[in-house]
Every structure is written in structure tokens, then in C-alpha cells.
Amino acid sequence: MIINKIAVKSQTPAIVIGSNPKDDVTRWLCKFSRKFDGMKELKNWITFATDQIDKQKARVAKVGGECQGVPELLFAQDEVDSVFGGGKGLPGMVDADTAKDLQGFWNYIIKFTAGLKGHGLFMGQSPVPADRRCDRQQTPIQAQYPLDAG
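An account of the accompanying structure is given in this report. Since the model is a prediction, treat every value here as computed from it, not as a measurement. Every chain begins its residue count from 1, and numbering advances along the sequence as written. Reporting in this predicted model follows two pLDDT cut-offs: at least 70 for local features of residues, and 80 or more for side-chain atom pairs to be given and counted; totals over whole chains, interfaces and linings ignore these cut-offs and use all residues. For the side-chain quantities, the full set of heavy atoms in the structure was used; hydrogens and water were omitted.

Moving on: the overall build of the protein chain. Along its length, the protein chain carries five helices and four strands. In sequence order, the secondary structure elements of the protein chain are arranged as α-β-β-α-β-α-α-β-α. Counting only contacts in the protein chain whose residues sit at least 6 apart along the sequence, the fraction spanning at least 24 positions is 62%. Accessible surface area values rest on a Shrake-Rupley calculation with a 1.4 Å probe, where residue burial reflects the displayed protein chains alone. Roughly 9500 Å² of accessible area belongs to the protein chain as shown, and the carbon and sulfur atoms make up 55% of that amount. Helical segments are the DSSP runs of H or I of at least four residues, strand segments are the runs of E of at least two, and each set is numbered from the N terminus. We call two residues in contact when some of their heavy atoms are within 4.5 Å.

Structure (C-alpha cells):
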């Protein structure tokens, strides 16, 4: 739903790219421009999505940094906790080098795509450790901005 809310505000059709490493059955509530299913597709996901960032940079450069007419570029990665595995990957499925490449890719999206109308949505099922003072209870931000709000 978050992806759809951002995509609908795009001045041109949004580009939505996703990675669903554990399951090739689509359970998403958005339409993907391109989706990579399965653990074996993680490297292709990184390569393709990085290329899309380069293309977005070129689109923004053409319009002088104003982003007028530039589509929203959305990246959705599921199973972040599983594929990263604390930097070690997932035994027998994701090697440590790919896990580190994924981490670098996620950091790149977070740090460098905001000015390009880029957005990253990273998900996983493991709870945040209690030592970070987070739990699975609703946070104040979630209470202030519920997902079902218009």
C-alpha cells in the first residue's frame, strides 16, 4: 500500500522494482515494473536495480535537477534479515559476498536516491533487538501515521 500511495503521486508512471528472495508467489499489493523472485536472482536484482539508479540520474540531469517529469523510482526488498544474515548471508543459499553487496546496495539507495525521486522499502520478519529499545508494539510514528490513513 505504501508503494501504491507513492506511485500514484508520480508525475509519470512510477518504476517499481522488487526482490522477493524466498517465494516466487506474488503476494504484493502493487504492480511491479520488474520483480526478481528467488535467492538465485539476488545478484541480478542488484545489477538491474543499480542500472535503474544510473538511468534515473540521467533523467534528472536532463531536467536540471528539478525532477520535473521524472518518475518515482521505488525499490522493494523482502527478506532483508534472511538474505543478509548478519553479513554472513544464508547458509547454502546466499554467500557472504552477496550479503555484503546487498548491504552496500541498500545503503546506496538510502543515502543517494532521495534527490532522484528514489525510495527504498526494506522488509523482514525478525524483530528488532530489544537493546535498540524497539519491540513489535506499535511505535509512536505508526500511531501518528497509520497505514490505512488517506
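Alright, that's what it looks like, and here's the rest.
Attention now moves to the nonpolar core. We call a set of buried Ala, Val, Leu, Ile, Met, Phe, Trp, Tyr and Cys residues a nonpolar core when their side-chain atoms join them within 4.5 Å. We call a residue buried when its accessible area falls under 20% of the maximum for its residue type, exposed when it is over 50%, and partly exposed in between, using a 1.4 Å probe and counting protein chains only. Among the nonpolar cores identified, the biggest contains 22 residues, and Trp45, Phe75 and Phe105 are the most heavily contacted of them. Secondary-structure elements contributing two or more residues to this core are strand E1 (15-20), helix H2 (42-62), strand E3 (73-77), helix H3 (80-84) and helix H4 (96-112). In contact with Phe75, not counting residues within four places along its chain, are Ile17, Trp45, Ala49, Ile53, Phe105, Ile109, His119, Gly120 and Leu121.

What follows concerns the environment of Trp28. You can see Trp28 is positioned in the loop between E1 and strand E2 (34-37). Trp28 sits in the buried class, given a relative accessible area of 17%. Remark: the alpha-carbon pair of Trp28 and Ile3, spanning 25 residues in sequence, is separated by 9.9 Å. Here Trp28 is in contact with Ser19, Asn20, Lys35, Ala76, Asp78 and Met123, once residues within four sequence places are set aside.

With that settled, consider the sheet that holds E1. The pairing criterion is simple: DSSP has to find at least two bridges between the two strands. Strand order across the open sheet formed by four strands is E2-E1-E3-E4, with parallel pairing between neighbours. On the outer flanks of this sheet lie E2 and strand E4 (118-122), each paired with one strand and no other. For this sheet, the mean angle separating the axes of adjacent strands, direction not counted, is 10°. Both E1 and E3 contribute to a ladder of five bridges, which runs parallel. In the sheet register, Gly18 faces E3, and the bridge partner there is Ala76. The angle between two axes is taken between their N-to-C directions and runs from 0 to 180 degrees, where each axis is a line fitted to C-alpha atoms and a helix contributes only its stretch in contact. Strand contacts of H2: E1, E2 and E3, with the helix running at about 165° to E3, the strand carrying the most contacts. Helix-sheet contacts for H4 involve E3 and E4, and the interaxial angle to E4 is about 135°.

We define a salt bridge as a side-chain nitrogen of Lys or Arg found within 4 Å of a carboxyl oxygen belonging to Asp or Glu. One pass over the full model with this rule turns up five salt bridges. Taking the shortest distance from any N to any O, the salt bridge between Lys22 and Glu79 comes out at 3.8 Å. With Lys22 in the loop between E1 and E2 and Glu79 in the loop between E3 and H3, the pair connects residues that are 57 residues apart, well separated along the chain. The residue Lys43 makes a salt bridge to Asp95 at a minimum N-O spacing of 4.0 Å. Of this pair, Lys43 sits in helix H2 while Asp95 sits in the loop between H3 and H4, and the two are 52 residues apart along the sequence.

Another aspect to go through is the pairing of E1. Across the six residues of E1, six count as buried, placing the element largely inside the fold. The two faces of E1 match: Ile15, Ile17 and Ser19 on one face and Val16, Gly18 and Asn20 on the other face are all buried. Taken together, the four bridges between E1 and E2 define a ladder with parallel strand orientation. Bridging from a neighbouring strand, Ser19 pairs with Phe36 of E2.

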